[in-house]
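Each chain, letter by letter, is given below.
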Amino acid sequence: MEVSVMGSSQVNLGRNDLVCKEVGNCCFTKSFNSNISSSSSSLKSSKLCIKLRSKSLNRFSLKASSCSQPEPLISKNNRETKTTDGGVKLFVGLPLDTVSSTNTINHARAIAVGLKALKLLGVDGIELPVWWGVVEKETRGKYDWTGYLALAEIIQKLGLKLHVSLCFHASEEAKIQLPEWVSQIGESDPSIFFKDQSGQHYKDSLSFAATDVPVLDGKTPVQVYKEFCESFKTAFSPFMGSTITGISVGLGPEGELRYPSHHNPSKMNNHQGAGEFQCYDKYMLSSLKQYAESNGNPLWGLGGPHDAPGYDQPPMTSTFFKENEGSWETTYGNFFLSWYSEQLISHGSRLLSLASETFHDVPISICGKVPLVHSWYKTRSHPSELTAGFYNTANRDGYVEVVEMFAKHSCQIILPGMDLSDNLQPNKSLSSPELLVAQITSCCRKHGVEMLGQNSMVANAPNGFEQIKKKLSSEKEMSLFTYQRMGADFFSPEHFPAFTQFVRSLNQPELDSDDQPTKQEERVASNHLQMQAA
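Notes on the structure follow.

Basis of the calculations
- Residues numbered from 1 in each chain as written.
- Predicted model: local features only at pLDDT ≥ 70, side-chain atom pairs only at ≥ 80, totals over all residues.
- Heavy atoms only, no water.
- Pairing = 2+ DSSP bridges.
- Helix = DSSP H or I, 4+ residues; strand = E, 2+ residues; numbered from the N terminus.
- Axes fitted to C-alpha atoms, helices over the stretch in contact; angles between N-to-C directions.
- Parallel < 35°, antiparallel > 145°, perpendicular 65-115°, else oblique.
- Left-handed = near helix turned anticlockwise from the far one by under 90°.
- Contact = heavy atoms within 4.5 Å.
- Nonpolar A, V, L, I, M, F, W, Y, C, P; charged D, E, K, R; others polar.
- Expected span 1.5 Å × (residues − 1).
- Buried < 20%, exposed > 50% of the residue type's maximum accessible area, 1.4 Å probe, protein only.
- Core = buried A, V, L, I, M, F, W, Y, C linked by side-chain atoms within 4.5 Å.
- Arc of directions from axis to C-beta.
- Salt bridge = Lys/Arg side-chain N within 4 Å of Asp/Glu carboxyl O.

Looking now at the pairing of strand 11 (residues 201–206). In the sheet, strand 10 (residues 193–195) pairs with strand 11 via three bridges, with the strands oriented antiparallel. By the bridge assignment, F193 is partnered in strand 11 with L206. Linking strand 10 to strand 11, which pair antiparallel, is a turn of five residues; within it G199 sits at a positive phi near 95°.

This paragraph deals with the sheet that holds strand 14 (residues 412–415). If you walk around this closed barrel you meet the eight strands as 7-8-9-12-13-14-15-16, and the pairing is parallel. Here the strands of the sheet are splayed against their neighbours by 30° on average, with no regard to which way each runs.

With their axes 11 Å apart at the nearest point, helix 6 (residues 282–294) and helix 7 (residues 331–358) run at an angle of 130° to one another. As the angle between them shows, helix 6 and helix 7 are arranged oblique. Helix 7 is crossed by helix 6, and the crossing has right-handed handedness. Of the residues in helix 7, those in contact with M284, S287, L288, Y291 and A292 of helix 6 are F335, F336, S338, W339, Y340, E342 and Q343. Split into classes, the residues belonging to the contact of helix 6 with helix 7 amount to eight nonpolar, three polar and one charged.

Before going further, it helps to examine helix 10 (residues 433–447). In this model helix 10 runs 21 Å from its N-terminal to its C-terminal C-alpha over 15 residues, within 8% of the 21 Å that 1.5 Å per residue would give. Taken together, the buried positions of helix 10 are occupied by P433, L436, V437, Q439, I440, T441, C443 and C444. Tucked inside the fold, the buried residues of helix 10 contact helix 8 (383–388), helix 9 (400–408), strand 14, strand 15 (451–454) and helix 11 (464–474). Within two residues after helix 10, G448 carries a phi angle of roughly 70°, on the positive side.

Let us look at the nonpolar core. In terms of nonpolar packing, the biggest core is built from 127 residues, with W132, F232, I247, F336, F406, F490 and F499 touching the most fellow members. By residue number, the principal contributor to this core is helix 7, which donates twelve residues. Beyond its immediate sequence surroundings of up to four residues, F232 is in contact with W145, V164, L166, M240, I244, I247 and F359. Counting residues in each nonpolar core, the second largest holds five residues, with F91, I414, L452 and L480 among its members.

For helix 4 (residues 180–188), the full list of buried residues reads W181, V182, I185 and G186. Down the axis of helix 4, the buried side of the element spans an arc of 145°, and every buried residue falls inside it. Along helix 4, the residues that are exposed and aim more than 90 degrees away from the buried face are Q184 and E187. Where helix 4 is buried, its residues touch helix 2 (132–135), strand 10, strand 11 and helix 5 (221–235).

So, about the pairing of strand 16 (residues 480–483). Put simply, side chains in a regular strand alternate between the two faces of the sheet. Neither face of strand 16 is exposed, since L480 and T482 on one face and F481 and Y483 on the opposite face are all buried. Relative to strand 16, strand 15 is paired through two bridges, and the arrangement is parallel. Bridged to G453 within strand 16 is F481.

Enumeration according to the criterion identifies 15 salt bridges in this entry. Its salt-bridge partner being E230, residue K226 comes within 3.8 Å of it at the nearest N-O pair. Highlighted residues: K226 and E230, both in helix 5, separated by four residues, approximately one helical turn. Residue class for K226 comes out partly exposed when judged on its relative accessible area of 24%. Residue classification places E230 among the partly exposed positions, given a relative accessible area of 37%. Here the salt bridges do not stand alone but share partners, grouping R140, K219 and E227 into one network.

Next up on the list: the environment of L337. Along the chain, L337 turns up in helix 7. Residue L337 is classed as buried on the basis of its relative accessible area of 2%. Residues L337 and F277, spaced 60 residues apart in sequence, show a C-alpha to C-alpha distance of 10.0 Å. Ignoring any residue separated from it by four or fewer positions in sequence, one finds L337 in contact with F277, F320, W328, L386 and Y391.

Below, the structure is given as C-alpha cells:
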C-alpha cells in the first residue's frame, strides 16, 4: 500500500487536476521511499490522498480513495486546533532514518508535506532523532550537522516546535551505526561493549562501566558526549529556546536507560524469557570485583549469578528468579542486584549531569527515557526488570532511586507504552503495563519529577488511542505526549483517520452537530475503505 500526501497553499476539493506548486506529490511506501510526480494523473487509486486546504490554515480533509473522487471523507471545522493553555501538547516523531548515514535528508519532499499536514491538523511539535554515528561519523571531534540543520529550518518555518533526541547508540532498524572511529576502537577492545554470559557482545551501545574510563582515544565516553552536546548547542543556537524547546539525552540501548538484556532477537520472539544479565565485559567485571571486595565477599565478584536462566528460558523455572526462596531474595541476590542497578543509575546520572551543565543557560527542558519493562510484572521477583537493571521487586520499589536521580538534575522522564493495556497482554507473560505505569507515575509525583508520555509504536496496540486518552486525562500533570512515529504505517488509511480523530479529541471540544460528518460522508468513507481493502 502506498500513501500519497499532497500539500499546496490552495487546493480545491473535487478537482481532478490537483497540482502541488510548493512540494509536489509525495508517496510514502512501506520503506518510506518517496516517489515524486508532477501531476495527479499518475496517482494510483490504492493511495491515501491527504488534501490540505490552507486558505485560512485551519481546514484539513482526508480521503482514502483516488484523488479524482470529489466526496470528502472528513471535513474539519473552522475552529483553531492549537493546544489550550494548560493542556497536553502533542508532538509526532520523525522517522528514525530521516537523516541518512551520509547526512542527507531521506524523502525530503514527503517529509515536508507530512510536516505541513501535521501543522494544519493542530500538532504542536516534532521530535527529531539526531545520531552520534551520523554527525561525528569518521573522526572524533569532527561534526557535520548539515542534514539536521536543514530539517530544523523547515520545522521553524512551519511554526512547529522541535524536541531533539540525542542518540548515542546504533539502530539496526534505521541502519545507523556507531561512529566509524568508535567501531574501530571496538574491534581492538570489544570490552567497550556489553557482553553476556555466553560471550556475545552487544555492539549498539557502550558498556555502562566504561562511561568514565578513557577508552575513546584517551577520552572517556562522558567527555566525548559532552563535546558532542557543546557542538550541538553552538550549531543550533539560532533555534534554542524558540523552535527547540526540549532535548532528550540517549541513556542506553534504543536511547533508553536500561541494559540490552533482550538483545538476542532470534530467541526473543516469544514471551517466555526475561533476558540475561549483561555484566561480563572487562569493565563490568572489574567493577563487580571491586564492589565484592569492598563488601568482604571477593568470591562474589567473579561473575554474574550462576543460576540465572538464558534468554529464551522461562524465568520461574530457574533458582534465581523462583517465586519463593529464590536467589534474588538472598544476601547474595541483594548484593548483585544492588551493584547491577547502581551501575545503571550512575551512568544515567553522569549523562543527565553533562546535559544539564551544557544547556543550563538555555530555556529548554532536559529529558531522558525510562523503558516500560512490563513482562513478568505480576511475579514477586519481576525478572525482566531485574535483567534490564531495575531492582524492582515485590519487596522493593526500584524506581525511587531512578526518579531521585532525575530530580537531582532537574530532568523530565519520558515513559513509553501509554497505549498498552493489561487485558491485551499474553497471559503467559504475567505482564501489567498499566500497573507499572501507575507505579512509576506515583513515584514521579512524589518526587516532583514531570513525566512525558509516548506510545509503543504506530498502530501496534488495539484501542491504543483510547488508552492514551485515558492516561492523559488521569495524569493531569503530563504536559507533553509524543506519538511515534511518521512513516508509511502512520499515513496509511488504516491508521491516519484514527490519528486525526485522536488529535481533535485532545485539542477541541465536542463538535457541534453541523460540524459532524454527514451520513452520506460516512457512507462514502466506508465504501472507499472497503474498495481499497478488496
